[in-house]
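Survey of secondary and tertiary structure
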Amino acid sequence: MSDPNDLAAFLDLGWQCLTRGVADRRAAARHPSFATVSPEGRPEARTVVLRGASRSAGTVEVHTDGGSDKMASLRANPFAQLMIWDEKAKLQIRLSTSVEIAQGAEVADKWQKVPDGSRMAYGASPTPGTPIPQAHAYDKLAHRDWFTVLTCRIESVELMQLLDSHRRAVFRAEDGWLGQWVVP
Ligand SMILES: Cc1cc2nc3c(=O)[nH]c(=O)nc-3n(C[C@H](O)[C@H](O)[C@H](O)COP(=O)(O)O)c2cc1C
């Protein structure tokens, strides 16, 4: 390994994992845990697909069903943490973000790019989480009205790497991603 104290190279590694997650279905970063805070103040986490990652914009993107419970959580508390464990790189990535919700005409161009098979993920009827009498007593409307883009503006990136000696650093948007080593 090159200089283990090189903060910029450590952040580069984090972004490599994230961008690979968007492009490669088998990459670890393809499926982050997406944690929010419920309107009652309770933690809630679920698996999502990483749909976009832009280092220059400082954002990652997730798509969801506008009828899902996480929408009420994000409206009450517009923050999410995304967490990834990349076994190959021995790297845990935690992204603390504030979340912007976009729907309807605003996301028409992105909806056009969603393959037909994947459109089923948007617009469950009744809405996700509703009790039903049988396992398959629901429809998938696959309608743009339910397609929701969550743009997660990254406030901080925390990286923790478990090589022979562990290392951990926090990078914050507010100081231009300079980075700070912290005790693992
Ligand atoms: C592999 C996998 C990928 C998933 N991808 C997404 C996704 O991209 N967006 C999403 O909203 N839910 C996704 N889900 C479903 C969520 O984990 C969750 O069950 C659903 O969003 C409802 O969560 P909520 O009730 O907390 O809103 C995925 C689940 C799995 C197992």
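The rules behind these values
Residues numbered from 1 in each chain as written. Predicted model: local features only at pLDDT ≥ 70, side-chain atom pairs only at ≥ 80, totals over all residues. Heavy atoms only, no water. Helix = DSSP H or I, 4+ residues; strand = E, 2+ residues; numbered from the N terminus. Buried < 20%, exposed > 50% of the residue type's maximum accessible area, 1.4 Å probe, protein only. Lys, Arg positive; Asp, Glu negative; His and termini not counted. Charge placed at Lys NZ, Arg CZ, Asp CG, Glu CD. Near = heavy atom within 4 Å. Polar contact = N/O pair within 3.5 Å; in protein donor to acceptor, adjacent residues only side chain to side chain. Areas by Shrake-Rupley, 256 points an atom, 1.4 Å probe, with all protein chains shown as cover. Expected span 1.5 Å × (residues − 1). Arc of directions from axis to C-beta. Pairing = 2+ DSSP bridges.

Turning our attention to the overall build of the chain. Looking only at helices and strands, one finds 4 helices and 11 strands in the chain. In terms of overall dimensions, the chain has a C-alpha envelope of 55 × 35 × 30 Å along the principal axes. Across the 184 residues of the chain, 39% fall into the buried class. Across the chain, the mean location of the 22 positive side-chain charges is 4 Å away from that of the 22 negative side-chain charges.

Before going further, it helps to examine the site of the ligand. In the vicinity of the ligand, the contacting residues are H31, R46, T47, V48, V49, H63, T64, S68, D69 and K70. Note that an oxygen atom of the ligand is positioned 2.7 Å from one of the backbone N or O atoms of T47. T64 places a side-chain nitrogen or oxygen 2.5 Å from an oxygen atom of the ligand. Relative to its free-state accessible area of 620 Å², the ligand is covered by the protein chains to the extent of 59%. Of all the secondary structure elements, the ones that give two or more residues to the shell around the ligand are β2 (43–47), β4 (59–65) and α2 (69–76).

Moving on: helix α1 (residues 7–23). Counted at 1.5 Å a residue, the expected span for α1 with its 17 residues is 24 Å, and the 25 Å between its end C-alpha atoms agrees. Of the residues making up α1, those classed as buried are L7, F10, L11, G14, W15, C17, L18 and G21. The arc that holds every buried residue of α1, seen down its axis, measures 150°, which confines them to one face. Among the residues of α1, the N-terminal cap falls to D6, whose side-chain oxygen and the backbone nitrogen of A8 are separated by 3.1 Å.

Attention shifts here to unusual backbone geometry. Of the consecutive residues S125 and P126, the connecting peptide bond is found in the cis state with omega at -5°. Non-glycine residue A142 carries a positive phi angle of around 50°. You can see A142 is positioned in the loop between β8 (139–140) and β9 (147–162). Phi at W177 is positive, roughly 65°, even though this residue is not glycine. Looking at the secondary structure, you find W177 in the loop between β10 (166–172) and β11 (180–182). The exposure class assigned to W177 is partly exposed, which follows from its relative accessible area of 25%.

This paragraph deals with the pairing of strand β1 (residues 33–37). Residues of β1 alternate between two faces, with F34 and T36 buried on one and S33, A35 and V37 left unburied on the opposite face. In the sheet, β1 pairs with β2 via 5 bridges, with the strands oriented antiparallel. When the bridges of β2 are listed, V37 appears paired with P43. In sequence, β1 turns back onto β2 through a hairpin of 5 residues, with G41 there showing a positive phi of about 85°. Of the strand pairs in this sheet, β1 and strand β5 (residues 79–86) are connected by 3 bridges, and their pairing is antiparallel. In the strand pairing of β5, S33 is matched with M83.

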